[in-house]
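Examining the three-dimensional arrangement
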Amino acid sequence: MNNLNLPSYLEQEPDVRARFEKIRQRPVVLKVQHLGKIFPGTDGDIVALHDILFNIHRREFICVIGASGCGKSTLIRILAGLDYPTSGQVLLDNQEVKGPSPDRGMVFQGYTLFPWLTIKKNIMFGLKMTNHGNNYAAEQALQWIDLVGLSNFANAYPHELSGGMKQRVAIARALANRPRILLMDEPFGALDAQTRSQMQAYLLQIWRNVDITILFITHDLDEAVYLADRIVVLGTHPGHIQEIIEVSVPRPRNPDQFLTPQFLATKKRLEELIHPPEKNRQEDLPMIRLTQAGDEVI
Amino acid sequence: MNVRKHWFAIRKDLSGQRSWLLGLCSFLLPLCIWSLVSYTPWIWHPMVLISDPGGVAYFQKDMLVDREIFNKENAFMREEGESEARGELANPIYLPAPHKVVQAFITAFQTAPIRRNDPWLHQSILHSITVIFYGFTLSAILGVPLGILCGTFAFFTRIIEPFIDFIRYMPAPAFGALMVAFLGIADAPKVAIIFIGTFFQMVLVVGNTTRLLDKSLLEAAQTLGATSKKLIFHVIVPGILPNLYRDMRILLGWAWTYLIVAELIGASSGISWFINQQAKYRNYDNVFAAIVMIGIIGLTTDQILRFIGHYLFPWERRN
Ligand SMILES: Nc1ncnc2c1ncn2[C@@H]1O[C@H](COP(=O)(O)OP(=O)(O)OP(=O)(O)O)[C@@H](O)[C@H]1O
Ligand SMILES: [Mg+2]
């Protein structure tokens, strides 16, 4: 890949540039202001997040990417209100976030459907918690079930569904409350490659049809480039923003774009940021020889 | 090799047919051993049942004597030239043969009590079931909500669990005399013993079950707009329900073990009274019949509850 003559990842075609121009005009939905998080640990304090600062505009699709343990989950949990920052604040429509609320929907990496409720009732759950009537909730739920393509499973229980189907229900359940922003923490991490790319296509389709802003966490570079308008790249120790990249791949996206020059250029930049070349050379790794066989077997 | 054909595969289910077969065997095997000991003359049988006392003065027909004594007396008779005693090998009276117990099981329900005011067997059983019902229901009404509170709020864990942990180490029967002093000699102290025996364990067990509920379900519900009260009634309670139900089934079994002590305090009553009476008259076949009856009642209620649970919690039906 290094040998190819790739354009700079910063280069944008006119229509892509125009699109980002338009996004910047839109109102800011979520403001993350100088966010910091320190966990008291057994070997002294762990700084999980340091001075995280970015804005998300309406209907933008943001991916957050970073190595394992860099604080991605911590960040999204704070945005959801499930955890508290030790410094800084989060503003949703200029209101400070003080705890979990239905205006920020969340999809977790693990399957968190309620096992005692059918698919339909799972999707109705949020609406009933926010004091909507039973009839309205049921009607809405059926619409969402149709939208995620699970009409035949309305009365099934979660354990009767595959992993991909469960996450589709989880997305529908979060969206049924009409949140301002959808937070997703590695939602497709447990799925096999094929289901995963199917789910990515589904998600883009839903995003096109529903007025929703998405913040999506992943550690899969392809996934990030394929889905995002902008990618927030986090670095480790402590978790901080390395760069916010505007993805120059034009929309609408499709899997054929995985090999276009813009796609590869963006991905290469991400790779440089997440696996800096000097840290990843094989010769530097201490390695114990665990085999008696000679090198000819390789 | 086909794994499904193994009888011993780690954490794999057996086919329905095999499960049934093994379930049957788990009852048949003990029955076989019991029959073997009872009906095979050369296995055990340390006694002799006299059929003809012969010349031995103190032997009587239908008397049970040790084999050693029987042989010694007969040797003596042979020396004296008198007629020997005859009899067949038998087991001690406290081990009646299966068919005796089955007979007793049937006749025990049909025979009137020896004294006219005493209860029939079915009345004794009914009485026992009533005591268990009140004791266990009372303990569930108080114990389940308290357990859920303990599992949900650290406040209640800290203020309730240490003391309960302290009490639960005191054996429930130890409170017997006190309960009679407080509550008289009728059924109230018996219900109280069942209550004491199950309540404290129940709070701790339910508390633990509640704590085991996946925390991410609570977080998911919070992001969907559920607040404290709704979290308890719409997530915690339904979430733990199948496990709670299983806990109750186990604790109900404990209630039966406390029953025997409970019924002996104050005025003894119920099935334990029946067992004690029959033992006094040395009707050990009736004693066995009553013990088996307890087992049957326990097993049947548990199976019925399991069956009901299957319908109450359809999402727990795996595979
Ligand atoms: N509750 C906690 N208490 C103490 N330390 C924590 C806690 N939660 C997270 N951390 C620490 O914060 C850092 C970031 O964790 P986090 O789970 O946010 O990482 P992540 O980027 O989501 O990783 P992954 O990709 O593996 O999910 C880690 O070093 C972790 O040890
Ligand atoms: Mg994580």
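Parameters at a glance
Residues numbered from 1 in each chain as written. Chains lettered and ligands numbered in written order. Predicted model: local features only at pLDDT ≥ 70, side-chain atom pairs only at ≥ 80, totals over all residues. Heavy atoms only, no water. Helix = DSSP H or I, 4+ residues; strand = E, 2+ residues; numbered from the N terminus. Rg over C-alpha atoms; globule rule 2.2 N^0.38 Å. Buried < 20%, exposed > 50% of the residue type's maximum accessible area, 1.4 Å probe, protein only. Areas by Shrake-Rupley, 256 points an atom, 1.4 Å probe, with all protein chains shown as cover. Lys, Arg positive; Asp, Glu negative; His and termini not counted. Charge placed at Lys NZ, Arg CZ, Asp CG, Glu CD. Near = heavy atom within 4 Å. Polar contact = N/O pair within 3.5 Å; in protein donor to acceptor, adjacent residues only side chain to side chain. Nonpolar A, V, L, I, M, F, W, Y, C, P; charged D, E, K, R; others polar. Contact = heavy atoms within 4.5 Å. Core = buried A, V, L, I, M, F, W, Y, C linked by side-chain atoms within 4.5 Å. Salt bridge = Lys/Arg side-chain N within 4 Å of Asp/Glu carboxyl O. Domains from an automatic or database assignment. Buried area = accessible area lost by both parts, 1.4 Å probe. Pairing = 2+ DSSP bridges. Axes fitted to C-alpha atoms, helices over the stretch in contact; angles between N-to-C directions.

Quick notes on the overall build of chain B
Helix and strand counts for chain B stand at eleven helices and three strands. Ordered by position from N to C terminus, the α and β elements of chain B give α-β-β-α-β-α-α-α-α-α-α-α-α-α. Rg of the C-alpha trace for chain B: 27 Å, well past the compact-globule value of 20 Å for 319 residues, more than 25% over. By its C-alpha atoms, chain B is 100 × 70 × 35 Å across when sized along the principal axes. Residues classed as buried in chain B amount to 38% of the 319 residues present. Of the roughly 19400 Å² of accessible surface on chain B, a fraction of 65% belongs to carbon and sulfur atoms. Charge-centre separation for chain B: the mean point of 27 positive side chains lies 14 Å from the mean point of 22 negative side chains.

Re the site of ligand 1
All names here are of chain A. Taken together, Phe 39, Ala 48, Ala 67, Ser 68, Gly 69, Cys 70, Gly 71, Lys 72, Ser 73, Thr 74 and Glu 186 make up the full set of residues near ligand 1. Taking Ser 73, its side chain carries an N or O atom lying 2.7 Å from an oxygen atom of ligand 1. Calculation on ligand 1 without its partners gives an accessible area of 630 Å², and the protein chains cover 60% of this total. Tallying contributions element by element places helix α2 (residues 72-80) first for the shell around ligand 1, with three residues. Tallied by class, the residues present in the shell around ligand 1 amount to four nonpolar, five polar and two charged.

Observations concerning the environment of Lys190(B)
Residues and elements named next belong to chain B. Its place among the elements puts Lys 190 in helix α7 (residues 188-211). On a C-alpha basis, the gap between Lys 190 and Gln 278 in space is 21 Å, while along the polypeptide they are 88 residues apart. Setting aside residues up to four positions removed in sequence, Lys 190 forms contacts with Val 131, Ile 185, Ala 262, Glu 263, Ile 265, Ala 267, Ser 268 and Ser 269. A distance of 2.8 Å separates the side chain of Lys 190 from the backbone oxygen of Ile 265, its partner in a polar contact.

Let's talk about the nonpolar core
Core analysis: the biggest nonpolar cluster contains 67 residues, and Phe114(A), Phe125(A), Met202(B), Val235(B) and Met248(B) have the highest contact counts within it. Looking at this core, the elements with two or more residues in it are α3 (119-129) of chain A together with α4 (121-152), α5 (154-167), α7, α8 (215-223), α9 (228-264), α10 (270-280) and α11 (284-312) of chain B. Among the elements that make up this core, the one with the highest residue count is α9(B) (15 residues). Excluding its chain neighbours within four sequence positions, the residues that come into contact with Met202(B) are Phe136(B), Ser139(B), Ala140(B), Gly143(B), Val144(B), Gly207(B), Met248(B) and Leu251(B). With 57 residues, the next largest nonpolar core counts Cys63(A), Ala141(A), Ala176(A) and Leu204(A) among its residues.

Considerations on the environment of Asp247(B)
Here Asp247(B) lies in helix α9. With near-sequence residues (within four places) excluded, Asp247(B) lies in contact with Val205(B) and Thr209(B).

Quick notes on the pattern of salt bridges
Going through the model one piece at a time under the given rule, you end up with 23 salt bridges over all chains. Across the pair Arg77(A) and Glu219(B) runs a salt bridge, and its minimum N-O distance is 2.8 Å. With Arg77(A) in helix α2 and Glu219(B) in helix α8, this pair bridges two chains. Note on Arg77(A): relative accessible area 22%, which makes it partly exposed. Overall, Glu219(B) belongs to the buried group, its relative accessible area being 11%.

Considerations on the domain arrangement of chain B
Parsing chain B into structural domains produces domain 1 (47-90) and domain 2 (110-318). Relative to domain 2 of chain B, the C-alpha centre of domain 1 of chain B lies at a distance of 52 Å.

Let's talk about the interface of chain B and chain A
Each partner contributes to the interface: chain B provides 19 residues, whereas chain A provides 25 residues. Overall, the association of chain B and chain A removes approximately 1900 Å² of surface from exposure, summing both partners, and the carbon and sulfur fraction of that is 69%. It is Thr223(B), Leu224(B) and Trp315(B) that lose the most area in chain B upon contact with chain A, and together they represent 37% of the buried surface on that side. Summed over the shared surface of chain B and chain A, the result is one salt bridge. Where chain B packs against chain A, one counts five residue pairs in polar contact (both at pLDDT 80 or more). Among the elements of the structure, α8 and α9 of chain B are those that each provide at least two residues to the side of chain B that touches chain A.

Thoughts on the sheet that holds strand β2 (residues 44-57) of chain A
All names here are of chain A. Read across the open sheet, the four strands follow the order β2-β1-β4-β5; overall the sheet is antiparallel. Strands with a single pairing partner mark the edges of an open sheet, and in this sheet they are β2 and β5 (95-96). Looking at chain direction, strand β4 (residues 87-92) and β5 are connected through two bridges and run antiparallel. Bridged to Leu 91 within β5 is Glu 96. Its contacts with the sheet put α2 on β1 (28-41), β2 and β4, and the angle it makes with β1 is roughly 120°.

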